[in-house]
Amino acid sequence: VRHPSCFPCPTTEETISRVVAMLAICYTAFTIRLHAVNVYGRVIHEFDPWFNFRATDYLVNHGTKAFFSWYDEEAWYPLGRPVGTTIYPGLQYTAAYLYYGLQAIGIDMSLNDVCVFTPAVMAPLAVSFTAGMAYEVSGSGNAAVAAGFFMAIAPAHLMRSVAGGFDNESVAVAAIVATFYFWMRSLRNEGSWPWGFATAVAYIYMVAAWGGYTFVLNMVGLSAAVMVVTGNFTPNLHKSYSIFYLIGTLGAIQFPVVGLAPLKSLEQLGPMGIFFWLQLLMIIHRFKKMNRDLDERKIHEFQFMVYSVAVLVFAVVVGLLMPKGYLGPLSSRIRGLFVQHTRTGNPLVDSVAEHQATRDEMYWQYFHMVCFLAPVGFAKLFFLPKTVSNESKWFMISYTVVSTYFSRKMIRLILLLAPASSIIAGIALDFLITWSMAQQTIDEEKEKAAAAEAAPAKTSQGLKGKPKGKRNSSGSPAFVRDLTDFYAENIALRQAFGILMMVLLCTSTFYYWGHCQHMAENLSNPSIMLVGRSRDGKPVMIDDFRESYWWLRDNTPEDARVMAWWDYGYQINGIANRTTIADGNTWNHEHIALLGRALVSPVKKAHRIVRHLADYVLVWSTRYGGMYGDDIAKSPHMARIGGSVYKDIDPTQFYQDQQGNPSEMMRKSLIFNLVNFRLDPAIPELKPDTFKEVYTSKNNMVRIYQVLKVSKKSKKYINEGRGRQAFFSGQTLDHAYPPALAAILAGKEDFEQLEDFNRERKTKKEVE
């Protein structure tokens, strides 16, 4: 909707053509994400999506009250996991209400299928809000359509929104751009501040959807600060931000997983500070308005008094809260945005591949022609027409700079740059096409007449003998004047360049489309299923992973406990429906360290731990199927994580050399022996009464071993609900482990974040 005081109204034909174009773009955004469904069927991908599906299923079958009080004793055995207080439920509720809605109108679609299609359904929403942002910052409907086109098929957006990728980011992107659009809309003019309520609602949904809500909060706060610094403070900015922050924060703290973090966590206190700063500025603004006759000195004295009181109050509050450990530290994931990857201080965070820094070539892979258009569009932001609000312009500049920086730090954060890059690319495409077409409709007679009129003035100025390089009467340097004259005089050259530009843009767009289609296919390949080639070249579906989980489901007792590295926990829970030791939630570092200790210890020593926790051990041995990212490749991370808690583990002694030869410690480890047993002649028989091979997938990619001499006493002890009891009674979770592991647990040193500045105070308090 155009506001007549800001942008000129389009013609009916323009409006209809743009609406039709946007509908086609939204349709494309949906269909391009269905490649996995067309090839593999309605299958949920990867690891985390399986937990999300399992949680959605629990919500649909048990209701909201049970969902938020759900203590899952089939995960994180023997501790269990308080799901209701550790989950961002936005994804689950989105899928659940889509499911309810379809049922209400008579469409019988299974919950699995709804979850599969949810990412593709949310993509057109993200595209529409991105187009809205482009319109707000440019005032051009054509730029908005172009931005929607780029966002619809951008690999940077596709990477987290293909059908089957039922993960938090698949709905969070729409929430991000919705929040940003409503924020920009609230800043359009002095009467648009009520849109701040919509901004707050969109932000609350964002909080429910993904832990990346801290980026959205800080981005809105930073943009408000930039506007103030650049002299764009207005009462409208104050109202919009105050409504957003107060309602948004009130909504955010309602989610158990968030709690009081917006009021305590360091990475969320900046926006709070900006909120109070805006209140001070509003006080000063009203004082000036009420005392128009006061001289500047009196006003400066009042400003000094206001800021002095604010600083004093701030110092008192910090002085009272710091000794109590009220303020939380920066999380390792946030710290990883400002330090080199693998140096966050947390080996668990460092072990995740998607936390690695983004390589330069990945930008071409995920953005293609946008890499060339984006700099032009970003420069154009500084020369937008006056009808565009300065607030929207500065927000877009801030968002582009910040998201570009973060995209460099982590591969997964390329996602945050997708909307910003699409918007500035859309602005650039609109500008270049408009300019190129304008050159073909130039009235040469008028252009030559204008150039002739300018010539005498140029000659007379030259005769005055002004030194070369001086500015003219308009204040422009001589070289700028010369370029302007050259531009005005060479009409034919401009027309030729315009034609060349149009050809280049059309050709690049054609290749961009093909590149995005190709990337859509690659990004749609689910890790849980693979397509290989038989010896005669025919495609073959490799389904070792699901078949292994089905074997567990069909051939083991319902109360069987399966030990595996935490990557596979969600899939074992979701597909095999069996209890797991750890999963991708990674909420308890010490427990994963115990798992790591068991897997990197010698077979006999490892068995002394495993027999008290598990009935089966599952390992990935994909190197025997031609994929080398298996448990042997991951095992150095297991050693590092184990060594961060159990200091008798020396991770530097656990490695493979450049020829692939294992160190002595790795060669003796449980994980190395279970992966290679029987497939590598150099591996000896397993120690008697330790582990027994019971299943190896047909392509040797997954192996399952039965644990022998399982401790029935320990299993009975844990089955009494010790984990749940320890959690709700406030006891340390060590009480959940069987007494037989007490000696091993006594040797651990609980892991603490390197950046936890409250650590010394907490330790001192505990001693007292």
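What you see is a predicted model, and the numbers here were worked out from it, not measured in a lab. (Residues numbered from 1 in each chain as written. Predicted model: local features only at pLDDT ≥ 70, side-chain atom pairs only at ≥ 80, totals over all residues. Heavy atoms only, no water.)

Engineer: What exactly am I supposed to notice about the overall build of the protein here?
Structural biologist: The secondary structure content of the protein amounts to 34 helices and nine strands. Of all intrachain contacts in the protein linking residues separated by at least 6 positions in sequence, the fraction that spans at least 24 positions is 73%. Counting every atom, the protein has about 35,600 Å² of accessible surface; 60% of that belongs to carbon and sulfur. (Helix = DSSP H or I, 4+ residues; strand = E, 2+ residues; numbered from the N terminus. Contact = heavy atoms within 4.5 Å. Areas by Shrake-Rupley, 256 points an atom, 1.4 Å probe, with all protein chains shown as cover.)

Engineer: Which parts of the structure should I look at to understand the pattern of salt bridges?
Structural biologist: Between side chains of opposite charge, pairing is possible as soon as their charged atoms come close. The tally for this structure, following the rule as stated, stands at 28 salt bridges. Among the ionic pairs, Asp 648 bridges to Arg 597, the shortest N-O distance being 2.9 Å. Of this pair, Asp 648 sits in the loop between α28 (631-643) and α29 (664-668) while Arg 597 sits in helix α26 (residues 589-600), and the two are 51 residues apart along the sequence. With a relative accessible area of 9%, Arg 597 lands in the buried category. Because the salt bridges share partners, they merge into one network encompassing Arg 160, Asp 167, Glu 169 and Arg 412. (Salt bridge = Lys/Arg side-chain N within 4 Å of Asp/Glu carboxyl O. Buried < 20%, exposed > 50% of the residue type's maximum accessible area, 1.4 Å probe, protein only.)

Engineer: Looking at this structure, how should I read helix α5 (residues 111-138)?
Structural biologist: Since the α-helix packs 3.6 residues into each turn, any two residues three or four apart lie on the same face. Between the first and last C-alpha of α5 there are 41 Å, a value that for 28 residues agrees with the 40 Å anticipated at 1.5 Å per step. At Phe 117, α5 is deflected by roughly 40°, the largest bend along its length, and proline Pro 119 occurs up to four residues later in sequence. Judged by how many residues are buried, α5 sits mostly within the fold: 23 of 28 residues are covered. (Expected span 1.5 Å × (residues − 1). Bend = angle between axes of the 7 residues up to and from the residue.)

Engineer: How do you make sense of the pairing of strand β8 (residues 691-696) when you look at a structure like this?
Structural biologist: Moving residue by residue along a regular strand, the side chains alternate between the two faces of the sheet. As paired strands, β8 and strand β9 (residues 702-707) are joined by five bridges and run antiparallel to one another. In the strand pairing of β9, Tyr 695 is matched with Ile 704. The turn linking β8 back onto β9 is made up of five residues, and Asn 700 within it adopts a positive phi angle of 60°. (Pairing = 2+ DSSP bridges.)

Engineer: Even after reading the chapter, I still don't get the nonpolar core, so can you show me in this structure?
Structural biologist: As a rule of thumb, nonpolar side chains are buried together in soluble globular proteins. Grouped together as the largest cluster of nonpolar side chains are 218 residues, with contacts concentrated most on Met 133, Phe 180, Tyr 241, Met 563, Leu 618 and Phe 691. Among the elements that take part in this core, α5 stands out by supplying 15 residues, more than any other. The residues touching Phe 180, leaving out its near neighbours within four places in the chain, are Met 133, Phe 215, Val 216, Met 219, Val 220, Phe 395 and Tyr 399. (Core = buried A, V, L, I, M, F, W, Y, C linked by side-chain atoms within 4.5 Å.)

Engineer: It is not clear to me how the side chain of Ser 663 should be interpreted in this structure. Could you clarify?
Structural biologist: For Ser 663, the position within the fold is in the loop between α28 and α29. Not counting chain neighbours up to four residues away, the residues in contact with Ser 663 comprise Gln 653, Phe 654 and Tyr 655.

Engineer: Can you help me understand a nonpolar patch on the surface in this one?
Structural biologist: Together, Met 305, Val 309, Val 313 and Val 317 make up a nonpolar patch on the protein surface, roughly 340 Å² of accessible area in all. Secondary-structure assignment places Val 313 in helix α14 (residues 296-321). (Patch = residues over 30% accessible without salt bridge, like charges linked within 9 Å, V, L, I, M, F, W, Y side chains within 5 Å.)

Engineer: Help me understand α26, please; the structure alone is not making it clear to me.
Structural biologist: For α26, built from 12 residues, the straight-helix expectation of 16 Å at 1.5 Å per residue is met to within 8% by its first-to-last C-alpha distance of 16 Å. Within α26, 12 of the 12 residues are buried, which leaves the element mostly enclosed by the surrounding structure. Of the residues flanking the start of α26, the one acting as N-cap is Asn 588, its side-chain oxygen 3.3 Å from the backbone nitrogen of Glu 590. (Polar contact = N/O pair within 3.5 Å; in protein donor to acceptor, adjacent residues only side chain to side chain.)

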